[in-house]
Amino acid sequence: MSILAAYMVPHPPMLIPEIGRGHEKQVQKTIDAYEQAALEIADLKPETIIITSPHSVMYADYFHVSPGTSATGSFAEFGAGQVRFQEAYDQELTAQICAISAEQDFPCGYAGERNKALDHGTMVPLWFIRRHYEGGRIIRIGLSGQPLTMHYQMGQIIQKAVGMLDRKAVLVASGDLSHRLQDYGPYGFAPEGPEYDERIMDVCGRGSFGELFDFDESFCEKAAECGHRSFVIMAGALDGMAVEASRLSHEDITGVGYGICIFHPTVPDENRHFLSSRLKKQNRQMRKQRDREDPYVRLARQSLENYVRHHKYVKVPSGLPDEMLSKRAGTFVSLHAHGRLRGCIGTILPTTDCVAQEIINNAVSAAVRDPRFHPVQPEELAGLEIHVDVLGEPEDISSEAELDVRKYGVIVSSGGRRGLLLPDLDGVDTVSQQVSIAMQKAGIQKGEKIKLQRFEVIRHE
């Protein structure tokens, strides 16, 4: 049996009367739509309610599934400790999800924090559901820092596990929309906020789940959205199925977007395998991009691929442009996968005899020695996008007024600490952001005396 139905819902605690204390009435449309969804779930009488929550246990590189037999929770954090929950977990389905993940070498399981109390991203949907339906056990699944494609895979694994056990299950994708819709909202206003809400409600209102991959990570961050990854897991759980999508409500009165949609799977549809379609498209784009790569990027790719596969450095090859062999300069090699940074290591000043050797060394380091990421694995190589920046000579400047985030990189020094940020980076739009990030990288605190330097780069991609 496949997923019976899926629900995209928000989780503001203010919807609970004991917390909202009358203020919840300002989003009555959201409450009415929630009631409609909860009543439908009660009619379906699912054996299991699967909830994906942004506020459950979350790791950068791992999907956490609820461990143990049960969990409790309350809204005490929001001043309503009398509203409590005692929920039993579907241990058999949870075990099946983890077993499939292990077979596929997919990073999902029980590891990490155990016996964590239910989070509000889980409890708000349950509050509405339990008013009408007391049956069924739950599974709570956290999100991850992994790319959207892997969240979709998480949904596919859920779908497979439900089918293998012939479980009657519904999936509740818990997540608010943008938090930057109004000046008086929790994060203020950003133009990306209303744009995100309009786009996500359009995409989900049509059930066009393939378009969920088109939301750029930087755009989502600027919009301060909460639930996008949760919605992508839901889409994966409905992979290969035609769906009837119903848009019930959308409100932005509090400065945060609350959207509710219902999805009913109908019949198998070969045109709705969105992840495989996405990966095929990406592979076509990567092949075209590789054909366009210049000698700098080709050398970086050759270097890291050889090291990841064979644990050996390549020698400087023949046939390179003269400037790669005669010039000395610092270089940075940046790796991206699925639109997200996957590694970046470089040298401010030259440490080898030529640019080519500098690239060979830094490409390997970006792949396997960036402390922010686990080492690149062989199966990831085909999907890597690689940039090589060749740095110009740093020059001292007297103030931030001499910087330009698009043209110049910055080096911030204080004593023996030094932080660098390259120019023209996604999400870095102002000089103050650029300097602040470089200071953070160096461990320099605000108010400390600093020295500024700028440099230009030649970017190869």
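Everything below is about the structure printed above this text.
Predicted model, so just to flag it, every value in this text is computed and none were measured.

1. Quick notes on the sheet that holds strand β13 (residues 384-391)
(1) Moving on: What the four strands build is an open sheet, ordered β12-β11-β13-β18; its pairing is antiparallel. Looking at the sheet topology across the chains shown, the edges are occupied by β12 (340-346) and β18 (457-460). Sheet twist, expressed as the average angle between the axes of neighbouring strands with direction ignored, equals 20 degrees.
(2) Moving on: By the bridge criterion, four bridges tie β13 to β18 in an arrangement that is antiparallel. Along β18, the bridge assignment pairs aspartate 389 with arginine 459.
(3) Moving on: In the packing of helix α10 (residues 295-310) onto the sheet, contacts are made with β11 (331-337), β13 and β18, and the angle to β13 comes to roughly 120 degrees.

2. Brief notes about unusual backbone geometry
(1) Moving on: Even without being a glycine, alanine 224 presents a positive backbone phi close to 55 degrees.
(2) Moving on: Tracing the backbone through its elements, the reader meets alanine 224 in the loop between α7 (217-223) and α8 (228-237).
(3) Moving on: One non-glycine residue with positive phi stands out, namely histidine 311, at about 60 degrees.
(4) Moving on: Its location among the elements puts histidine 311 in the loop between α10 and α11 (322-326).

3. So, the packing of aromatic side chains
(1) Moving on: Enumeration over the complete set of coordinates arrives at 12 aromatic pairs.
(2) Moving on: Taken together, a centroid distance of 4.0 Å and an interplanar angle of 5 degrees make the contact between tyrosine 34 and phenylalanine 128 stacked. Within this pair, whereas tyrosine 34 is found in helix α2 (residues 28-44), its partner phenylalanine 128 is found in helix α4 (residues 120-130), the two being separated by 94 residues in sequence.
(3) Moving on: With a centroid separation of 6.4 Å and 45 degrees between ring planes, the pair formed by phenylalanine 215 and phenylalanine 219 is classed as tilted. For the pair phenylalanine 215 and phenylalanine 219, a shared accessibility class is recorded, and that class is buried.
(4) Moving on: These aromatic residues form a ring-pair network of at least three members: Tyr34, Trp127 and Phe128.
(5) Moving on: Its guanidinium or amino end placed over the ring of phenylalanine 215, arginine 199 lies 4.0 Å from that ring's centre, counting from NZ or CZ.
(6) Moving on: For arginine 454, the ring lying beneath its charged end belongs to tyrosine 408, and the centroid distance is 4.2 Å.

4. What about the side chain of glutamate 87?
(1) Moving on: Structurally, glutamate 87 can be placed in strand β5 (residues 80-88).
(2) Moving on: You can call glutamate 87 buried: its relative accessible area is 5%.
(3) Moving on: Only 2.7 Å separates the side chain of glutamate 87 from the side chain of arginine 130, close enough to count as a polar contact.
(4) Moving on: For glutamate 87, the contacting residues outside a window of four places in its chain are Ser70, Ala71, Leu118, Leu126, Arg130 and Ile138.

5. Some remarks on the packing of helix α5 (residues 148-164) against helix α9 (residues 274-292)
Helix-helix packing: each pair is described by the crossing angle between the helix axes and the interaxial distance.
(1) Moving on: Two elements in contact, α5 and α9, have axes whose closest approach is 10 Å; the angle formed by their N-to-C orientations is 150 degrees. Accordingly, the angle class assigned to the pair α5 and α9 is roughly antiparallel. Crossing handedness for the pair α5 and α9: left-handed. Counted together, Thr149, Tyr152, Gln153 and Gln156 of α5 and Phe274, Leu275 and Leu279 of α9 form the full contact between these two elements.
(2) Moving on: Split by residue class, the contact of α5 with α9 holds four nonpolar, three polar and no charged.

6. Observations concerning the pattern of salt bridges
(1) Moving on: By the definition in use, this model includes 23 salt bridges.
(2) Moving on: Between glutamate 92 and arginine 167 there is a salt bridge, and its shortest N-O distance comes to 3.0 Å. Of this pair, glutamate 92 sits in helix α3 (residues 91-103) while arginine 167 sits in the loop between α5 and β8 (169-174), and the two are 75 residues apart along the sequence.
(3) Moving on: The class of glutamate 92 is partly exposed, set by a relative accessible area of 46%.
(4) Moving on: The class for arginine 167 is buried, based on a relative accessible area of 8%.
(5) Moving on: Ionic pairing is found between arginine 309 and glutamate 305, a salt bridge with its closest N-O pair at 3.7 Å. Within this pair, arginine 309 and its partner glutamate 305 are both found in helix α10, separated by four residues, close to a single helical turn.
(6) Moving on: In this structure arginine 309 comes out as partly exposed when scored by relative accessible area, which is 47%.

7. Regarding the pairing of strand β1 (residues 5-9)
Residues in a regular strand project their side chains so that they alternate between the two faces of the sheet.
(1) Moving on: Across the five residues that make up β1, a large majority, five, are buried.
(2) Moving on: Residues Ala5, Tyr7 and Val9 of β1 are buried on one face, and the alternating residues Ala6 and Met8, pointing to the opposite face, are buried as well.
(3) Moving on: Where β1 lies against β8, five bridges are found, and the strand directions are parallel. Bridged to valine 9 within β8 is serine 174.

What counts and how
Residues numbered from 1 in each chain as written. Predicted model: local features only at pLDDT ≥ 70, side-chain atom pairs only at ≥ 80, totals over all residues. Heavy atoms only, no water. Pairing = 2+ DSSP bridges. Helix = DSSP H or I, 4+ residues; strand = E, 2+ residues; numbered from the N terminus. Axes fitted to C-alpha atoms, helices over the stretch in contact; angles between N-to-C directions. Contact = heavy atoms within 4.5 Å. Phe/Tyr/Trp six-rings, centres within 6.5 Å; stacked < 30°, edge-to-face > 60°. Buried < 20%, exposed > 50% of the residue type's maximum accessible area, 1.4 Å probe, protein only. Lys NZ or Arg CZ within 6 Å of the ring centre and 35° of its normal. Polar contact = N/O pair within 3.5 Å; in protein donor to acceptor, adjacent residues only side chain to side chain. Parallel < 35°, antiparallel > 145°, perpendicular 65-115°, else oblique. Left-handed = near helix turned anticlockwise from the far one by under 90°. Nonpolar A, V, L, I, M, F, W, Y, C, P; charged D, E, K, R; others polar. Salt bridge = Lys/Arg side-chain N within 4 Å of Asp/Glu carboxyl O.

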